[in-house]
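# Summary of the model geometry
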Amino acid sequence: MNKHGAFAVPPPSSTEERHLAPGLTEEAQFAERVFVRGEGTRIFDEVGRSYLDFGAGILTQAVGHCHPHVTQRVQAQVGQLTNIHDSATSARGELCGLLAELFPEHLNSFAFFSTGAEAVEAAIRAVHAQARPGKTVIAALKSGFHGKTKGARALVNWTVGSEPKTEEARQFPHAHCFNCPLNLTYPDCGIACARHVADEIRASDDLAALVFEPVQAAGGVIVPPRDYWKIIEQACREKGVVMVADEIVTAGGRTGPFLASEYYGIEPDLVTAAKGLSSGLPFSMLAGRDKIMSAPGFASPGSTSSTYGGNPVSCVAATSTLEVLRDDDVLSGVSRLGDQLRCGLRELHRSFPDQIADVRGIGLLHAIEFGAFGETRREQADRATHFYQSALDQGVRVGLGGNIARLAPPLNVSQSEIEDALGAFRSVLSEGAAS
């Protein structure tokens, strides 16, 4: 038994340690256990211990692990056809019909890929294919994350790895009210960050597109004020700047509505979507206005083809996942469950101000930011790592990145499971206060 009275957990196999490249996430490096099975909101390790999965895989398990409807349909498709490149299949046709019901009416053209970064790269190609002469620059927001391929990295100069920085994209300040880049305080600021971005857009004649996450997930769950995006959208429309919403994380109801863009009342021209749409199978997509998706440079043969993109198995996984979200009316409960989680986290913040610097979120996407006054960034990150490992010992898995713990359970999590997780978090934080 360990210090929490849990089962002793064996480390990953020595074979894996000998052969697997070491550049894994902090979550993987600090978990120190092997997961073998998932069922609903829970995952199980190789000694049989159960964990509430408040990471939803990597925000992929919107309807939980191994949902019976998804599993049955995927198993049937594997026995019929797995890949025929980008030729027409009944699975892809069925998916297109369902997506047309779920996406806003103006986003009526779809292309399919296998990773979020691949969809972002396709969006960049689509932007350039229809851009007028002289409009060659793409802008993005600081602290965003759009993938690890070269074009996606260039949007925000993401520095993990050895590839040198590029200066291909123009970067605007993001809306982080807890740590305002303009050193102002909301709401007295009048959403100055949005007005600053809007002014930059209006002053730019070479700007082709703005690529943005409506809610920055990997950047620490940064949720802009409700009017933020409307201010920026108006400037984009005035200057003919294409709005590309990266909803890799948020599409599929993570924030409540099917798209986070809908929460903010904006109409992006292109949307990338992936993680929560296919229950963990490789799938991503680009949705867009027909006039952009059918622009000659983007509509030429092979422009949207992908070796694994739109394969029948992934299409069925996406269709069946979306069917569960629709037929079980899952999204109608996201805001209510999110309110429950938010209230619980705020109470933890009030109880442990010496450990928690901030809690924030929307829908079922939240973050705990760790740190105490005067601590170094390393000390803050150590707090988050301790919380992550101790929460695992208590039977709850969360996300981890730097000094942030990210909470994103399956969208069909129950109220009692949220209370169980909050109770585990309180136990962990109480232990930290006593040490």
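Scroll up to find the structure.
Here's what I pulled together on the structure shown here. Since the structure is predicted, the reported quantities are computational estimates derived from the model, not experimental observations.

## With respect to the environment of glutamate 213
- Along the chain, glutamate 213 turns up in the loop between strand 7 (207-212) and helix 9 (228-239).
- For glutamate 213, a relative accessible area of 6% translates into the label buried.
- Residues glutamate 213 and leucine 141, 72 residues apart in the sequence, show an inter-C-alpha distance of 8.3 Å.
- Those residues in contact with glutamate 213 that lie beyond four places of it in its chain are Gly144, Phe145, His146, Ala218, Trp229 and Asp246.
- Within the structure, the side chain of glutamate 213 is placed 2.9 Å from the backbone nitrogen of phenylalanine 145, a separation counted as a polar contact.

## Focus on the packing of aromatic side chains
- Tallied over the full model, the rule gives 10 aromatic pairs.
- With centroids separated by 5.3 Å and ring planes inclined at 50°, the aromatic side chains of phenylalanine 387 and phenylalanine 425 adopt a geometry described as tilted. Taken as a pair, phenylalanine 387 in helix 15 (residues 377-393) and phenylalanine 425 in helix 16 (residues 415-434) lie far apart in primary sequence, 38 residues in all.
- Residue class for phenylalanine 387 comes out buried when judged on its relative accessible area of 1%.
- Joined through ring pairs, the aromatic side chains of Phe54, Phe370, Phe387 and Phe425 make up one cluster.

## Side note on helix 8 (residues 192-202)
- Taken residue by residue, helix 8 has Ala192, Cys193, Ala194, Val197, Ala198 and Ile201 as its buried positions.
- Among the structural elements, strand 6 (169-172), strand 7 and helix 9 are those in contact with the buried residues of helix 8.

## Quick word on the packing of helix 4 (residues 68-78) against helix 13 (residues 312-327)
- Close contact between helix 4 and helix 13 brings their axes to 9 Å; oriented N to C, the two are set at 160°. With respect to each other, helix 4 and helix 13 are oriented roughly antiparallel. Of the two possible hands of crossing, helix 4 and helix 13 adopt the one that is right-handed. Where helix 4 approaches helix 13, its residues His69, Val70, Arg73, Val74, Gln77 and Val78 are matched on the opposing element by Pro312, Val313, Val316, Ala317, Thr319, Ser320, Thr321, Glu323 and Val324.
- Of the residues contributing to the contact of helix 4 with helix 13, the split by class is 8 nonpolar, 5 polar and 2 charged.

## Overview of the sheet that holds strand 12 (residues 365-370)
- Strand order in the open sheet made by the 4 strands is 11-12-15-14, with antiparallel pairing throughout. Strands with a single pairing partner mark the edges of an open sheet, and in this sheet they are strand 11 (356-362) and strand 14 (399-401). Neighbouring strand axes in the sheet, compared pairwise and without regard to direction, differ in orientation by 20° on average.
- Taken together, the 4 bridges between strand 12 and strand 15 (residues 404-407) define a ladder with antiparallel strand orientation. When the bridges of strand 15 are listed, alanine 367 appears paired with arginine 406.
- Against the sheet, helix 14 (residues 334-351) engages strand 11, strand 12 and strand 15, with an angle of about 170° to strand 11.

## Looking at helix 6 (residues 116-130)
- In this model helix 6 runs 22 Å from its N-terminal to its C-terminal C-alpha over 15 residues, within 8% of the 21 Å that 1.5 Å per residue would give.
- Where helix 6 is concerned, the buried positions are Gly116, Ala117, Ala119, Val120, Glu121, Ala122, Ala123, Ile124, Ala126 and Val127.

## Focus on the pattern of salt bridges
- Evaluated as defined, the whole model comprises 22 salt bridges.
- Between glutamate 233 and arginine 237 there is a salt bridge, with its nearest N and O atoms 3.7 Å apart. On the criterion of helical spacing, the pair formed by glutamate 233 and arginine 237 is a turn pair, its members being 4 residues apart in helix 9.
- In this structure, the salt-bridge partner of glutamate 375 is arginine 383, at a minimum N-O distance of 2.7 Å.
- It is possible to trace a salt-bridge network through shared partners that takes in Lys230, Glu233, Arg237, Glu267, Asp269 and Arg289.

## A word on the side chain of threonine 41
- Mapped onto the elements, threonine 41 comes out in the loop between strand 1 (35-39) and strand 2 (42-45).
- In this structure threonine 41 comes out as buried when scored by relative accessible area, which is 9%.
- Apart from the residues lying within four places of it in its own chain, the contact partners of threonine 41 are Tyr51, Leu52, Asp53, Pro410, Val413 and Glu417.

Conventions adopted
- Residues numbered from 1 in each chain as written.
- Predicted model: local features only at pLDDT ≥ 70, side-chain atom pairs only at ≥ 80, totals over all residues.
- Heavy atoms only, no water.
- Helix = DSSP H or I, 4+ residues; strand = E, 2+ residues; numbered from the N terminus.
- Buried < 20%, exposed > 50% of the residue type's maximum accessible area, 1.4 Å probe, protein only.
- Contact = heavy atoms within 4.5 Å.
- Polar contact = N/O pair within 3.5 Å; in protein donor to acceptor, adjacent residues only side chain to side chain.
- Phe/Tyr/Trp six-rings, centres within 6.5 Å; stacked < 30°, edge-to-face > 60°.
- Axes fitted to C-alpha atoms, helices over the stretch in contact; angles between N-to-C directions.
- Parallel < 35°, antiparallel > 145°, perpendicular 65-115°, else oblique.
- Left-handed = near helix turned anticlockwise from the far one by under 90°.
- Nonpolar A, V, L, I, M, F, W, Y, C, P; charged D, E, K, R; others polar.
- Pairing = 2+ DSSP bridges.
- Expected span 1.5 Å × (residues − 1).
- Salt bridge = Lys/Arg side-chain N within 4 Å of Asp/Glu carboxyl O.

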